[in-house]
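Notes for the structure review
The lines below spell out each chain.
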Amino acid sequence: MGGGTEAFPDLGKHCQLSDCKQLDFLPFKCDGCHKVFCVEHRSYKSHDCTNSDHNSRKVLVCETCSMSIEIPRNSKGGEAEMNLLLKQHQRSNDCDPKKKKKPTCGVKRCKEILTFSNTSSCKSCHIKFCLKHRFQSDHACNGNRMPAVAAVARAGGGVRPFLVALASRNGQDCTKKNNGSDLASKASTSVKAY
């Protein structure tokens, strides 16, 4: 069955779904089954495409090392074939039970598992931490480097009063109060709000 009208017989195509057959002037060709469909039946689900997973990547997860093994595209996905892939992986040098342990936050009692989206590396001690413990004051950093903001503030030269006050803290937390008199003896820089 051709498409188009009497005046333009090559214009458009008919939907190849057996219940539809609508003439569509902007038809869609399915990249799975290579048939032509109208806008209503263009999705894999709406025309029950037999080859809807042709672009999908399937993986099998090894229970020993938690590594993912990609299943070849030409695979039928039978249980015997999956077992063969697992055995090949276990015989290879890639399967190591030590790899199963996931990295956790560097703070002693924090059990947060580190992923690519919640990992922060400290610039002073170069240890990886979760987002809760990413600041030096939160993980008791032993790095001796001065924070970059404090270094700029100490250098002076037209710096805002906030940076000077921040540098005068010397890495101490503002909320911690010391009952000793040594804080009173130190000259502290105050910041005035205008």
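Here's a quick rundown of the structure.

How each quantity is defined
Numbering of residues starts from 1 in every chain and runs along the sequence as written. With pLDDT at 70 or above as the cut-off, local features in this predicted model cover only qualifying residues; side-chain atom pairs require 80 or more to be listed or tallied, and sums for whole chains, interfaces and linings still use all residues. Side-chain calculation: all heavy atoms of the structure are included, whereas hydrogens and water are not. By the criteria applied, helices consist of DSSP H or I runs no shorter than four residues and strands consist of E runs no shorter than two, each listed in order from the N terminus. Buried means the residue's accessible area, taken with a 1.4 Å probe over protein chains only, is under 20% of the maximum for its type, while exposed means over 50%, and partly exposed covers the values in between. The contact rule is simple, with two residues in contact once any of their heavy atoms fall within 4.5 Å. Throughout, the Shrake-Rupley method with a 1.4 Å probe supplies accessible areas, and for residues the shown protein chains are the sole cover considered. Stacked, edge-to-face and tilted labels apply to pairs of Phe, Tyr and Trp rings (six-membered ring for Trp) whose centres lie within 6.5 Å, assigned for plane angles under 30 degrees, over 60, and everything in between, in that order. Only when the NZ of Lys or the CZ of Arg is both within 6 Å of the ring centre and within 35 degrees of the ring normal is a charge said to sit over the ring. How far a helix is expected to stretch is found by multiplying one less than its residue total by 1.5 Å. An arc is given here, and it is the one of the directions from the helix axis to the C-beta atoms. For the purposes of this section, nonpolar cores are sets of buried Ala, Val, Leu, Ile, Met, Phe, Trp, Tyr and Cys residues that join through side-chain atoms within 4.5 Å. Pairs of strands are assigned from DSSP output, requiring at least two bridges between the strands.

1. Quick word on the overall build of the protein chain
Summing up its helical and strand segments, the protein chain has four helices and eight strands in all. Within the span of the protein chain, comprising 194 residues, buried residues form 21% of the whole. Taking the contacts inside the protein chain whose residues are at least 6 apart along the sequence as the reference set, 17% of them involve residues at least 24 apart. When the accessible area of the protein chain is evaluated, it comes to approximately 15600 Å², of which 52% is carbon and sulfur surface.

2. Some words on the packing of aromatic side chains
In total, this model carries zero aromatic pairs according to the counting rule given. It is R42 that lies over the ring of F28; its NZ or CZ is 4.8 Å from the centre.

3. Overview of helix α1 (residues 79-91)
Between its first and last C-alpha, α1 extends 18 Å over 13 residues, near the 18 Å set by a 1.5 Å rise per residue. For α1, every residue scored as buried is listed here: M82, L85 and H89. Each buried residue of α1 lies within a common arc of 60 degrees when the element is viewed along its axis, so the set occupies one face. In α1, the exposed positions that point more than 90 degrees away from the buried face belong to E79, A80 and R91. Considering only its buried residues, α1 is in contact with β5 (58-61) and β6 (68-71).

4. So, the nonpolar core
Within the largest apolar cluster, seven residues are counted, these being C105, C110, L114, C122, F129, C130 and C141. Not counting the four nearest positions on each side in its chain, C110 is found in contact with C105, C130 and H133.

5. Comments concerning the environment of H34
Turning to its location among the elements, H34 is positioned in the loop between β3 (28-29) and β4 (36-37). Accessibility expressed as a relative area gives 54% for H34, which makes it exposed. Each C-alpha atom, one on H34 and one on C49, is 9.6 Å from the other, the two residues being 15 residues apart in sequence.

6. Considering the pairing of β6
The side-chain alternation of β6 yields one buried face, formed by I69 and I71, and one unburied face, formed by S68 and E70. As defined by bridge partners, β5 adjoins β6 across four bridges and the pair is classed as antiparallel. In the sheet register, K58 faces β6, and the bridge partner there is I71. If you look at the hairpin formed by β5 and β6, you'll find six residues sitting between the two strands, and S66 has a positive phi there, around 60 degrees.

7. So, the environment of C130
Examined against the element boundaries, C130 turns out to sit in the loop between β8 (128-129) and α2 (148-155). For the pair C130 and T104, spaced 26 residues apart in sequence, the C-alpha to C-alpha distance is 7.9 Å.

8. So, the side chain of S120
Examined against the element boundaries, S120 turns out to sit in strand β7 (residues 120-121). Look past the residues within four positions of S120 in its chain and what remains in contact with it is I127, K128, F129 and R134.

9. As for unusual backbone geometry
Unlike most non-glycine residues, K21 shows phi in positive territory, near 55 degrees. For K21, the location among the structural elements is in the loop between β1 (13-14) and β2 (23-24). A relative accessible area of 39% means that K21 is categorised as partly exposed. Not every positive phi belongs to a glycine, and D48 is a case in point at roughly 50 degrees. In this structure D48 comes out as exposed when scored by relative accessible area, which is 63%.

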